[in-house]
Amino acid sequence: QNVQKNGTIYKEHPYITIVNNSNDLFLKQDWDGMAKLYADTVKFYDPSSSKPSSLADAKKGWADIYNNWEQINVVKQGYPDGLQYDKDPFTVQSWWVVTCVNKKTKKAAKFYMVQFDEFNKAGKIDMELAYYDQTPLIEASKEAASTK
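Report follows, based on the coordinates.

### Section: the nonpolar core
In step 1: Ranked by size, the top nonpolar core spans 34 residues in total, and within it Phe26, Tyr38, Trp62 and Phe119 carry the most contacts.
In step 2: When residues of this core are assigned to their parent elements, the largest contribution, 6 residues, is made by helix H1 (residues 14-27).
In step 3: Ignoring anything within four residues of it in the chain, the contact list for Tyr38 reads Ser22, Phe44, Leu55, Trp62, Lys124, Ile125 and Glu128.

### Focus: H1
In step 1: Between its terminal C-alpha atoms H1 stretches 20 Å, which fits the 20 Å expected from 14 residues at 1.5 Å a residue.
In step 2: A positive backbone phi angle near 60 degrees is found at Gln29, which sits one or two residues after H1.

### Re the packing of aromatic side chains
In step 1: Here the structure, examined in full by the defined rule, presents 12 aromatic pairs.
In step 2: Here Trp31 and Trp62 contribute two aromatic rings whose centre-to-centre distance is 6.1 Å and whose plane-to-plane angle is 40 degrees, an arrangement assigned as tilted. Taken together, the positions of Trp31 in helix H2 (residues 31-35) and Trp62 in helix H3 (residues 55-68) put the pair 31 residues apart, joining distant regions of the chain.
In step 3: Look at Trp31 and Tyr66: their rings are 5.7 Å apart centre to centre, the planes differ by 50 degrees, and that puts the pair in the tilted class. Taken together, the residues Trp31 in helix H2 and Tyr66 in helix H3 connect sequence positions 35 residues apart. Across the pair, Tyr66 and Trp31 agree in class, each one buried.
In step 4: Over the ring of Tyr79 we find Lys11, and its NZ or CZ is 4.7 Å from the ring centre.

The rules behind each value
Residues numbered from 1 in each chain as written. Predicted model: local features only at pLDDT ≥ 70, side-chain atom pairs only at ≥ 80, totals over all residues. Heavy atoms only, no water. Core = buried A, V, L, I, M, F, W, Y, C linked by side-chain atoms within 4.5 Å. Buried < 20%, exposed > 50% of the residue type's maximum accessible area, 1.4 Å probe, protein only. Helix = DSSP H or I, 4+ residues; strand = E, 2+ residues; numbered from the N terminus. Contact = heavy atoms within 4.5 Å. Expected span 1.5 Å × (residues − 1). Phe/Tyr/Trp six-rings, centres within 6.5 Å; stacked < 30°, edge-to-face > 60°. Lys NZ or Arg CZ within 6 Å of the ring centre and 35° of its normal.

Below, the structure is given as structure tokens:
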């Protein structure tokens, strides 16, 4: 077998900074600031939806999270990797631990998420893909069983 390189992995890169900044803006609930990091044509992929979301859908979804959850904390695990493949868009791969409390039930949820952000030539995120197990969120949203 021959050794063949397919790109470069970065530990520090301006696009990694953009992904880190998007998390900071999310925690500050600065949806307009976040939106500036994304291309107008961005597509969001998430396990909670069977089809990709637009930027307008994502902004509504970000606000809905804060409408239904409190004590939201998102902690970076390790460091994101900037993946500069030879023939594919620059991608930042990042890992997060998310904790939150459902406002209605007061139950806590904790889940792990890996996120992939692809950048266009203008330096904007034009695809965001998040993987996580929704079970902790579903369980924390369930009302206690009635004892009648």
